[in-house]
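# Observations on the model geometry
Here's the letter readout for the chains.
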Amino acid sequence: FAGDPAYGDAMVNLVLGDAVPRTNVAAAATPGGTGAVRLAVALSKAAGVQRVYLGTPSWPNHIPIIEDVGLEAVTFSHSNEDGSADADALIEIVRQAREGDAVLIHACCHNPSGIDYTDEQWDALADALADSPMLPIIDSAYQGLGTGLEEDSAGLRKVLAKVPDALIAYSCDKNFG
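Predicted model only: the values in this text are computed from it and were never measured.

### Focus: the confidence of the model for the chain
Scored by pLDDT, the chain has a mean of 86; 91% of the residues are at 70 or more. The element-level mean pLDDT for the chain is lowest in helix 7 (residues 173–176), coming to 63, with helix 5 (residues 119–130) highest at 96.

### Focus: the side chain of S58
Among the structural elements, S58 can be located in the loop between strand 1 (51–56) and helix 3 (62–68). Accessibility expressed as a relative area gives 15% for S58, which makes it buried. Engagement of the side chain of S58 in a polar contact is seen with the side chain of H62, the distance being 2.8 Å. Those residues in contact with S58 that sit more than four places away from it in its chain are H106, H110, N111 and P112.

### Let's talk about unusual backbone geometry
For residues that are not glycine, phi is negative in most cases, and the peptide bond is trans in most cases. Look at the link from T56 to P57: it is a cis peptide, with omega at 5 degrees. Tracing the sequence through the fold places P57 in the loop between strand 1 and helix 3.

### Thoughts on the nonpolar core
Counting 32 residues, the largest nonpolar core has V103, L125, L129 and M134 as its most contacted members. If you list the elements that add at least two residues to this core, you get helix 1 (5–16), strand 2 (72–77), helix 4 (87–95), strand 3 (101–106), helix 5 and helix 6 (154–162). Aside from chain neighbours lying at most four places away, what touches M134 is Y53, I93, V94, A97, D101, A102, V103 and L129. A36, V52, A102 and L135 belong to the second-largest nonpolar core, a separate cluster that totals 18 residues.

### Here we look at the side chain of S44
Mapped onto the secondary structure, S44 falls in helix 2 (residues 32–46). Filtering out sequence-adjacent residues up to four positions away, S44 remains in contact with V49, L71, L135, I137 and L167.

### Quick word on the environment of A130
As for its placement among the helices and strands, A130 is situated in helix 5. Here A130 is in contact with K162 and V163, once residues within four sequence places are set aside.

### Let's talk about the pattern of salt bridges
Following the criterion strictly, the structure yields 5 salt bridges and no others. Put simply, D101 and R51 hold a salt bridge, and the shortest N to O gap is 2.5 Å. Of this pair, D101 sits in strand 3 while R51 sits in strand 1, and the two are 50 residues apart along the sequence. The residues D101 and R51 share a single accessibility class, namely buried. Of the charged contacts in the structure, one is a salt bridge between E150 and R157, with a shortest N-O distance of 2.5 Å. For E150, a relative accessible area of 48% puts it in the partly exposed group.

### Some words on the pairing of strand 1
A large share of strand 1 lies buried, amounting to 5 of its 6 residues. Direction of pairing for strand 1 relative to strand 2: parallel, over a ladder of 6 bridges. For L54, the partnering residue across the bridge sits in strand 2 and is T75.

### Quick notes on the environment of L14
With respect to the helices, strands and loops of the structure, L14 is situated in helix 1. The contacts of L14, once residues within four sequence positions are left out, are Q143, L149, S153, R157 and Y170.

### Side note on the packing of helix 5 against helix 6
One can describe the packing of helix 5 onto helix 6 by two numbers: an axis separation of 8 Å at closest approach and a directional angle of 25 degrees. Overall, the two elements helix 5 and helix 6 adopt an arrangement that is roughly parallel. Our pair here, helix 5 against helix 6, has a crossing hand that is right-handed. From helix 5, D119, W122, D123, A126, D127, L129 and A130 reach across to helix 6, where they touch G155, L156, K158, V159 and K162. Across the contact of helix 5 with helix 6, the residue classes break down as 6 nonpolar, 1 polar and 5 charged.

Cut-offs used in this document
Residues numbered from 1 in each chain as written. Predicted model: local features only at pLDDT ≥ 70, side-chain atom pairs only at ≥ 80, totals over all residues. Heavy atoms only, no water. pLDDT = per-residue confidence, 0-100. Helix = DSSP H or I, 4+ residues; strand = E, 2+ residues; numbered from the N terminus. Buried < 20%, exposed > 50% of the residue type's maximum accessible area, 1.4 Å probe, protein only. Polar contact = N/O pair within 3.5 Å; in protein donor to acceptor, adjacent residues only side chain to side chain. Contact = heavy atoms within 4.5 Å. Core = buried A, V, L, I, M, F, W, Y, C linked by side-chain atoms within 4.5 Å. Salt bridge = Lys/Arg side-chain N within 4 Å of Asp/Glu carboxyl O. Pairing = 2+ DSSP bridges. Axes fitted to C-alpha atoms, helices over the stretch in contact; angles between N-to-C directions. Parallel < 35°, antiparallel > 145°, perpendicular 65-115°, else oblique. Left-handed = near helix turned anticlockwise from the far one by under 90°. Nonpolar A, V, L, I, M, F, W, Y, C, P; charged D, E, K, R; others polar.

So, in C-alpha coordinates, the structure goes:
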(Lines give C-alpha, C1' and ligand atoms only; values in the text may rest on other atoms or scores of the structure.)
Protein backbone atom coordinates (compact mmCIF):
# COMPACT_ATOMS: atom_id res chain seq x y z
CA PHE A 1 0.00 0.00 0.00
CA ALA A 2 1.21 3.46 -0.86
CA GLY A 3 -0.02 5.82 1.84
CA ASP A 4 -1.34 5.24 5.35
CA PRO A 5 -1.97 1.46 5.68
CA ALA A 6 -4.83 1.87 8.19
CA TYR A 7 -6.58 4.31 5.87
CA GLY A 8 -6.08 1.96 2.91
CA ASP A 9 -7.53 -0.97 4.87
CA ALA A 10 -10.53 1.13 5.93
CA MET A 11 -11.18 2.22 2.33
CA VAL A 12 -10.91 -1.35 1.03
CA ASN A 13 -13.43 -2.45 3.67
CA LEU A 14 -15.78 0.40 2.78
CA VAL A 15 -15.67 -0.32 -0.94
CA LEU A 16 -15.62 -4.12 -0.90
CA GLY A 17 -17.61 -4.87 2.26
CA ASP A 18 -17.85 -8.58 2.93
CA ALA A 19 -18.63 -9.44 -0.70
CA VAL A 20 -15.09 -9.88 -2.01
CA PRO A 21 -12.21 -11.89 -0.50
CA ARG A 22 -9.04 -9.94 0.22
CA THR A 23 -6.62 -12.49 -1.25
CA ASN A 24 -5.42 -10.31 -4.13
CA VAL A 25 -6.32 -6.76 -3.14
CA ALA A 26 -3.90 -3.86 -3.15
CA ALA A 27 -4.58 -0.18 -2.46
CA ALA A 28 -2.67 2.97 -3.35
CA ALA A 29 -3.34 6.55 -2.36
CA THR A 30 -3.59 9.08 -5.19
CA PRO A 31 -4.30 12.79 -5.40
CA GLY A 32 -8.08 12.77 -5.89
CA GLY A 33 -10.34 11.03 -8.35
CA THR A 34 -8.39 12.19 -11.39
CA GLY A 35 -5.24 10.68 -9.92
CA ALA A 36 -7.06 7.42 -9.17
CA VAL A 37 -8.44 7.11 -12.71
CA ARG A 38 -5.04 8.04 -14.17
CA LEU A 39 -3.29 5.37 -12.09
CA ALA A 40 -5.90 2.73 -12.97
CA VAL A 41 -5.59 3.48 -16.69
CA ALA A 42 -1.77 3.44 -16.48
CA LEU A 43 -1.88 0.10 -14.63
CA SER A 44 -4.21 -1.29 -17.28
CA LYS A 45 -1.70 -0.31 -19.97
CA ALA A 46 1.06 -2.06 -18.03
CA ALA A 47 -1.20 -5.15 -18.01
CA GLY A 48 -1.45 -5.09 -21.82
CA VAL A 49 -4.61 -3.05 -22.36
CA GLN A 50 -4.67 -1.18 -25.67
CA ARG A 51 -8.26 0.13 -25.83
CA VAL A 52 -10.56 1.51 -23.15
CA TYR A 53 -14.27 1.55 -23.89
CA LEU A 54 -16.42 4.11 -22.12
CA GLY A 55 -20.03 5.16 -22.31
CA THR A 56 -20.90 8.68 -23.38
CA PRO A 57 -21.59 11.14 -22.14
CA SER A 58 -18.80 10.68 -19.62
CA TRP A 59 -16.78 12.72 -17.20
CA PRO A 60 -14.80 15.18 -19.37
CA ASN A 61 -11.44 14.06 -17.92
CA HIS A 62 -11.84 10.39 -18.87
CA ILE A 63 -10.94 10.54 -22.58
CA PRO A 64 -7.94 12.88 -22.11
CA ILE A 65 -6.60 10.62 -19.34
CA ILE A 66 -6.95 7.51 -21.50
CA GLU A 67 -5.31 9.17 -24.50
CA ASP A 68 -2.54 10.75 -22.40
CA VAL A 69 -1.56 7.29 -21.17
CA GLY A 70 -1.28 6.24 -24.82
CA LEU A 71 -4.40 4.10 -25.08
CA GLU A 72 -7.24 4.28 -27.56
CA ALA A 73 -10.53 5.63 -26.14
CA VAL A 74 -13.55 3.98 -27.76
CA THR A 75 -17.00 5.32 -26.94
CA PHE A 76 -20.49 3.83 -26.93
CA SER A 77 -23.85 5.30 -25.94
CA HIS A 78 -24.45 5.03 -22.19
CA SER A 79 -28.09 6.10 -22.15
CA ASN A 80 -31.37 5.43 -23.87
CA GLU A 81 -33.66 8.18 -25.14
CA ASP A 82 -35.95 7.67 -22.13
CA GLY A 83 -33.09 8.52 -19.74
CA SER A 84 -32.40 4.95 -18.59
CA ALA A 85 -29.03 3.23 -18.77
CA ASP A 86 -28.31 1.42 -22.03
CA ALA A 87 -26.92 -1.70 -20.38
CA ASP A 88 -27.50 -3.68 -23.57
CA ALA A 89 -24.94 -1.53 -25.42
CA LEU A 90 -22.41 -2.06 -22.64
CA ILE A 91 -23.01 -5.80 -22.46
CA GLU A 92 -22.65 -6.10 -26.24
CA ILE A 93 -19.27 -4.30 -26.02
CA VAL A 94 -18.20 -6.74 -23.29
CA ARG A 95 -19.32 -9.76 -25.33
CA GLN A 96 -17.34 -8.58 -28.38
CA ALA A 97 -14.21 -7.76 -26.36
CA ARG A 98 -10.77 -8.91 -27.41
CA GLU A 99 -7.56 -9.32 -25.45
CA GLY A 100 -6.23 -5.85 -24.75
CA ASP A 101 -9.67 -4.32 -24.10
CA ALA A 102 -10.84 -2.60 -20.93
CA VAL A 103 -14.09 -0.90 -20.05
CA LEU A 104 -14.48 2.11 -17.80
CA ILE A 105 -17.70 1.91 -15.78
CA HIS A 106 -19.15 4.30 -13.20
CA ALA A 107 -20.06 2.44 -9.98
CA CYS A 108 -22.99 4.74 -9.22
CA CYS A 109 -24.27 8.27 -9.85
CA HIS A 110 -22.90 8.30 -13.41
CA ASN A 111 -21.12 11.56 -14.15
CA PRO A 112 -22.59 13.59 -15.83
CA SER A 113 -25.92 11.82 -16.47
CA GLY A 114 -26.69 10.51 -12.97
CA ILE A 115 -27.99 7.30 -14.55
CA ASP A 116 -27.37 4.08 -12.64
CA TYR A 117 -27.64 0.49 -13.76
CA THR A 118 -30.37 -1.57 -12.09
CA ASP A 119 -29.50 -4.60 -9.93
CA GLU A 120 -30.55 -6.86 -12.81
CA GLN A 121 -28.35 -4.95 -15.25
CA TRP A 122 -25.37 -5.24 -12.87
CA ASP A 123 -26.02 -9.01 -12.64
CA ALA A 124 -26.03 -9.33 -16.43
CA LEU A 125 -22.92 -7.16 -16.74
CA ALA A 126 -21.06 -9.18 -14.10
CA ASP A 127 -21.96 -12.41 -15.91
CA ALA A 128 -20.82 -10.99 -19.26
CA LEU A 129 -17.53 -9.77 -17.78
CA ALA A 130 -16.93 -13.17 -16.19
CA ASP A 131 -16.92 -14.71 -19.68
CA SER A 132 -14.90 -11.94 -21.32
CA PRO A 133 -11.21 -11.04 -21.66
CA MET A 134 -12.19 -7.41 -20.95
CA LEU A 135 -10.66 -5.74 -17.89
CA PRO A 136 -13.17 -3.72 -15.86
CA ILE A 137 -11.99 -0.33 -14.60
CA ILE A 138 -14.62 0.95 -12.19
CA ASP A 139 -14.72 4.63 -11.30
CA SER A 140 -16.36 5.02 -7.89
CA ALA A 141 -16.49 8.68 -6.98
CA TYR A 142 -19.91 8.98 -5.35
CA GLN A 143 -20.36 6.08 -2.92
CA GLY A 144 -22.96 7.07 -0.35
CA LEU A 145 -24.23 10.04 -2.35
CA GLY A 146 -26.73 8.07 -4.46
CA THR A 147 -28.82 5.54 -2.58
CA GLY A 148 -26.49 4.69 0.33
CA LEU A 149 -23.01 3.39 1.17
CA GLU A 150 -23.88 -0.28 0.67
CA GLU A 151 -26.31 0.20 -2.22
CA ASP A 152 -23.89 2.39 -4.18
CA SER A 153 -21.24 -0.36 -4.09
CA ALA A 154 -23.56 -3.28 -4.86
CA GLY A 155 -22.90 -3.33 -8.61
CA LEU A 156 -19.15 -2.93 -8.20
CA ARG A 157 -19.17 -5.85 -5.73
CA LYS A 158 -21.18 -8.03 -8.12
CA VAL A 159 -18.57 -7.48 -10.82
CA LEU A 160 -15.65 -8.11 -8.46
CA ALA A 161 -17.21 -11.36 -7.27
CA LYS A 162 -17.21 -12.71 -10.85
CA VAL A 163 -14.02 -11.46 -12.52
CA PRO A 164 -10.43 -12.52 -11.88
CA ASP A 165 -9.04 -8.96 -12.14
CA ALA A 166 -10.38 -5.43 -11.97
CA LEU A 167 -9.16 -1.95 -11.17
CA ILE A 168 -11.13 0.41 -8.94
CA ALA A 169 -10.55 4.16 -9.07
CA TYR A 170 -12.06 5.41 -5.82
CA SER A 171 -12.42 9.03 -4.78
CA CYS A 172 -13.46 10.57 -1.46
CA ASP A 173 -13.36 14.13 -2.83
CA LYS A 174 -17.14 14.58 -2.95
CA ASN A 175 -17.78 12.68 0.29
CA PHE A 176 -15.17 14.63 2.25
CA GLY A 177 -16.17 17.92 0.61
